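A structural walkthrough
Now for the letters of each chain:
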Amino acid sequence: MHLLPPSQYIFPNPEEADLEGEGLICIGADLSPSTLYEAYTHGLFPWFSEGDPICWWSPEPRCIIRPEDYHPSKSLLRSMKKQDYKITVNHAFERVIRSCSLPRAYADETWISEEIIQGYCDMFDAGYGYSIEVWDEDRVVGGLYGVTIGKGCFGESMFSTQTDVSKMAFYTLMLIGRENQLPWIDCQLVNDHLMSLGACTISRLTYLKSLQDVIKQPAINWKKYQDGVFSSKTIAQSARLSE
C-alpha cells in the first residue's frame, strides 16, 4: 500500500452541500488515486456518463450490506458445488473492471469509461483496490471490484458471463467481510438485485459517522487471500475461506 500525496481538491460535507438529499454533491476534479481516496473517505464516489464532467455523489439513503446478515441461497450453493469454479482475489483487477464496463443485456451504455478504468487501476496499483475473480479453466467468467480503505470496503460493480458466477464472487466477498468483522460493505445506490441479496439502506448521516470509524481501523490483509486459490465447491461446503 502506497502513501498517497495529499489531494489538491477538498470535498464538501455531503450533509451541508446537499440539504435536499438529492445525492449530487459536486462536479469536477480528477480521478487520481489521491482524489479518489479523498472522496471515498468523505463518503463520495464518482458516477457520470462518458463525455460528461466528473460528478461526485453521496446518496440519501445509502445502500449497504452487512456480511453477517448475508445468507447464500440454496440454488447458489448447489451451483457452486456442481460446477466447482476456481475463485481468486486480486489476480485480474483490470480484466474484471473491463468486463464490468461492457454493455449488458438490459443496457447499451455503461458508466465505466476508459477514464474510470484508468483511475481505478491506478487506485488498485496504489493498494486501495480489490477484485474477486471466478474462473472457468483459464477464463474469467465473473467477478467484482471495489475500493478498500482501512476496514472500509466499497463495492463498485460486478459482472457474469455464466449463471450465478457474480453471486459466487459476491459470496466470497461476504466471507472476507465476516472474517474481518466488517460492519458493512458499501453498495452505494439501491437496486433490486442488491436488495435481493440482502442489502439494506441507512441514512447518509449514519453512514458518514460509521465511515469515519472504519477507515481508521487496521486495513484488511488482502495478501492473505491473494496468495490463495479457492474452490467454489469447498466454499459452498464449509462457508469459509481460511482456517
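Residues numbered from 1 in each chain as written. Predicted model: local features only at pLDDT ≥ 70, side-chain atom pairs only at ≥ 80, totals over all residues. Heavy atoms only, no water.

Focus: the overall build of the protein chain
Along the protein chain, the regular secondary structure elements total 10 helices and 11 strands. Relative to its length of 243 residues, the protein chain is compact, with a C-alpha radius of gyration of 17 Å against a globular reference of 18 Å. Projected onto its principal axes, the C-alpha coordinates of the protein chain cover approximately 50 × 35 × 35 Å. Burial status across the protein chain gives 51% buried among its 243 residues. When the accessible area of the protein chain is evaluated, it comes to approximately 11700 Å², of which 49% is carbon and sulfur surface. (Helix = DSSP H or I, 4+ residues; strand = E, 2+ residues; numbered from the N terminus. Rg over C-alpha atoms; globule rule 2.2 N^0.38 Å. Buried < 20%, exposed > 50% of the residue type's maximum accessible area, 1.4 Å probe, protein only. Areas by Shrake-Rupley, 256 points an atom, 1.4 Å probe, with all protein chains shown as cover.)

Observations regarding the packing of helix α4 (residues 93-100) against helix α5 (residues 114-125)
Running from N to C, α4 and α5 point in directions that differ by 155 degrees, and their axes come no closer than 10 Å. One way to sum up the angle between α4 and α5 is to call them roughly antiparallel. In the crossing of α4 with α5, the sense of the turn from one axis to the other is right-handed. Contacts between α4 and α5 pair Phe93, Glu94, Ile97 and Arg98 from the former with Glu114, Ile116, Ile117, Tyr120, Cys121 and Phe124 from the latter. A class-by-class count of the residues in the contact of α4 with α5 yields 7 nonpolar, no polar and 3 charged. (Axes fitted to C-alpha atoms, helices over the stretch in contact; angles between N-to-C directions. Parallel < 35°, antiparallel > 145°, perpendicular 65-115°, else oblique. Left-handed = near helix turned anticlockwise from the far one by under 90°. Contact = heavy atoms within 4.5 Å. Nonpolar A, V, L, I, M, F, W, Y, C, P; charged D, E, K, R; others polar.)

A word on the domain arrangement of the protein chain
Partitioning the protein chain into structural domains gives domain 1 (14-59) and domain 2 (63-238). Each of domain 1 and domain 2 has a C-alpha centre, and these two points are 21 Å apart. Around 2100 Å² of area is buried between domain 1 and domain 2 when both sides are counted, 68% of it from carbon and sulfur atoms. Counting across the domain 1 and domain 2 interface gives 2 salt bridges. The salt bridge involving Glu15 is made with Arg204; its shortest N-O contact spans 2.8 Å. Along the contact surface separating domain 1 from domain 2 lie 6 residue pairs in polar contact (both at pLDDT 80 or more). Only α1 (14-17), α2 (33-40) and β2 (45-46) provide two or more residues apiece to the side of domain 1 that touches domain 2. A per-element tally of the side of domain 1 that touches domain 2 places α2 first, with 4 residues. For the side of domain 1 that touches domain 2, a count of residues per class yields 13 nonpolar, 6 polar and 3 charged. (Domains from an automatic or database assignment. Buried area = accessible area lost by both parts, 1.4 Å probe. Salt bridge = Lys/Arg side-chain N within 4 Å of Asp/Glu carboxyl O. Polar contact = N/O pair within 3.5 Å; in protein donor to acceptor, adjacent residues only side chain to side chain.)

Re the environment of Thr161
Secondary-structure assignment places Thr161 in the loop between β8 (152-160) and α6 (165-179). Take Thr161: its relative accessible area is 56%, and that puts it in the exposed class. A sequence separation of 18 residues divides Thr161 from Gly143, and the C-alpha atoms of the two residues are 9.6 Å apart.

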